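What follows is the residue order along each chain.
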Amino acid sequence: MSGGPKVLMDELLCAGRRVKLYRRTVEYGGEIFYRDLVAFGEAVVVVPVREDGKILFVEQWRASFNRWIVELPAGRVEPGEDPLESAKRELEEETGFQAGIWEPLGRFSVAPGYSDEILNFFLARDLKYVGQHPEKGEVLRVVEMKPEEYLQRISGDVGDLKSVAGVLLVIAKRIA
């Protein structure tokens, strides 16, 4: 689209190990305004489905909530890494499984109002256990549930939106 807002400058406000916070200066229609931007980049979400229809989740302790959260295997796409390769790496690290069949399910923004993060969703099937090896600092355990069980389990609680989206993508795929 031509004639849109023009980014004049990004000012780094804070940098952590995984994210950066910028103040973006924008000009449009002769006006200057500012937006905060969390820079994260791309990540992957894997929906590993077993032959019996159960999905492999990881119950992971999350520092941001100081509690366990049940979610799909996921992680950041490292610089120079293809999203599919990242998905394969994350599945094996977090669950100990490799998949013989991979299918992309879509790419989605997480929170376009303040973040540049894009999630690449993949369906993984034909699973074979090879051994789990989580990254240092990842505290997790593998749990298996049918999609409906997961949705029921998180009902009335704080659920993980990327995992809900992945489960619903797989449910929709089965119906279509």
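Shown above is the structure to which this text applies.
Notes on the structure in this doc start here.

Here is what the cut-offs are and how they apply
Residues numbered from 1 in each chain as written. Predicted model: local features only at pLDDT ≥ 70, side-chain atom pairs only at ≥ 80, totals over all residues. Heavy atoms only, no water. Salt bridge = Lys/Arg side-chain N within 4 Å of Asp/Glu carboxyl O. Buried < 20%, exposed > 50% of the residue type's maximum accessible area, 1.4 Å probe, protein only. Phe/Tyr/Trp six-rings, centres within 6.5 Å; stacked < 30°, edge-to-face > 60°. Helix = DSSP H or I, 4+ residues; strand = E, 2+ residues; numbered from the N terminus. Lys NZ or Arg CZ within 6 Å of the ring centre and 35° of its normal. Pairing = 2+ DSSP bridges. Contact = heavy atoms within 4.5 Å. Patch = residues over 30% accessible without salt bridge, like charges linked within 9 Å, V, L, I, M, F, W, Y side chains within 5 Å. Areas by Shrake-Rupley, 256 points an atom, 1.4 Å probe, with all protein chains shown as cover. Axes fitted to C-alpha atoms, helices over the stretch in contact; angles between N-to-C directions.

Structural notes on the pattern of salt bridges
Logical step 1: Applying the stated rule across the entire model yields 15 salt bridges.
Logical step 2: With a closest N to O distance of 2.9 Å, Glu90 and Arg89 form a salt bridge.
Logical step 3: For Glu90, a relative accessible area of 2% gives the class buried.
Logical step 4: The network of salt bridges with common partners includes Arg62, Glu71, Asp160 and Lys162.

What to know about the packing of aromatic side chains
Logical step 1: All told, the structure shown has 4 aromatic pairs when counted by the stated rule.
Logical step 2: Judged by centre distance (5.1 Å) and plane angle (70°), the rings of Phe97 and Tyr129 are edge-to-face. Pair noted here: Phe97 is in strand β8 (residues 97-109) and Tyr129 is in strand β9 (residues 118-129), with a separation of 32 residues, a long-range link.
Logical step 3: Residue Phe97 is classed as buried on the basis of its relative accessible area of 10%.
Logical step 4: On the basis of an interplanar angle of 75° and a centroid distance of 5.6 Å, the ring pair of Phe108 and Phe121 is categorised as edge-to-face. Of the two residues, Phe108 sits in strand β8 while Phe121 sits in strand β9, which places them 13 residues apart along the sequence.
Logical step 5: The exposure class assigned to Phe121 is buried, which follows from its relative accessible area of 2%.
Logical step 6: Its guanidinium or amino end placed over the ring of Phe40, Arg76 lies 4.6 Å from that ring's centre, counting from NZ or CZ.

Quick word on the pairing of strand β6 (residues 67-71)
Logical step 1: For strand β5 (residues 55-62) and β6, the ladder comprises 5 bridges, and the chain directions are antiparallel. The partner of Glu59 across the bridge, within β6, is Val70.

Concerning the side chain of Ser163
Logical step 1: Mapping Ser163 onto the fold places it in helix α3 (residues 161-175).
Logical step 2: Note on Ser163: relative accessible area 0%, which makes it buried.
Logical step 3: Those residues in contact with Ser163 that sit more than four places away from it in its chain are Val70, Glu71, Leu72 and Tyr150.

Overview of a nonpolar patch on the surface
Logical step 1: Judged by side-chain polarity, Leu8, Met9, Ile32 and Tyr34 come together as a nonpolar surface patch covering roughly 400 Å² of accessible area.
Logical step 2: Of all the secondary structure elements, the ones that give two or more residues to the nonpolar patch are β1 (6-15) and β3 (31-39).
Logical step 3: Assignment of secondary structure puts Met9 in strand β1.

Points about the sheet that holds β3
Logical step 1: With respect to topology, 3 strands assemble into an open sheet ordered β1-β2-β3, the strand pairing being antiparallel. Pairing within the sheet leaves two strands with one partner each, and these edge strands are β1 and β3. On average, each strand axis in the sheet is inclined to that of its neighbour by 20°, with strand direction left out of account.
Logical step 2: The sheet contact formed by strand β2 (residues 20-28) and β3 spans 9 bridges and is antiparallel. Residue pairing in the sheet places Leu21 in a bridge with Val38 of β3.

Remember that the coordinates give geometry; whether it matters functionally is a separate question.
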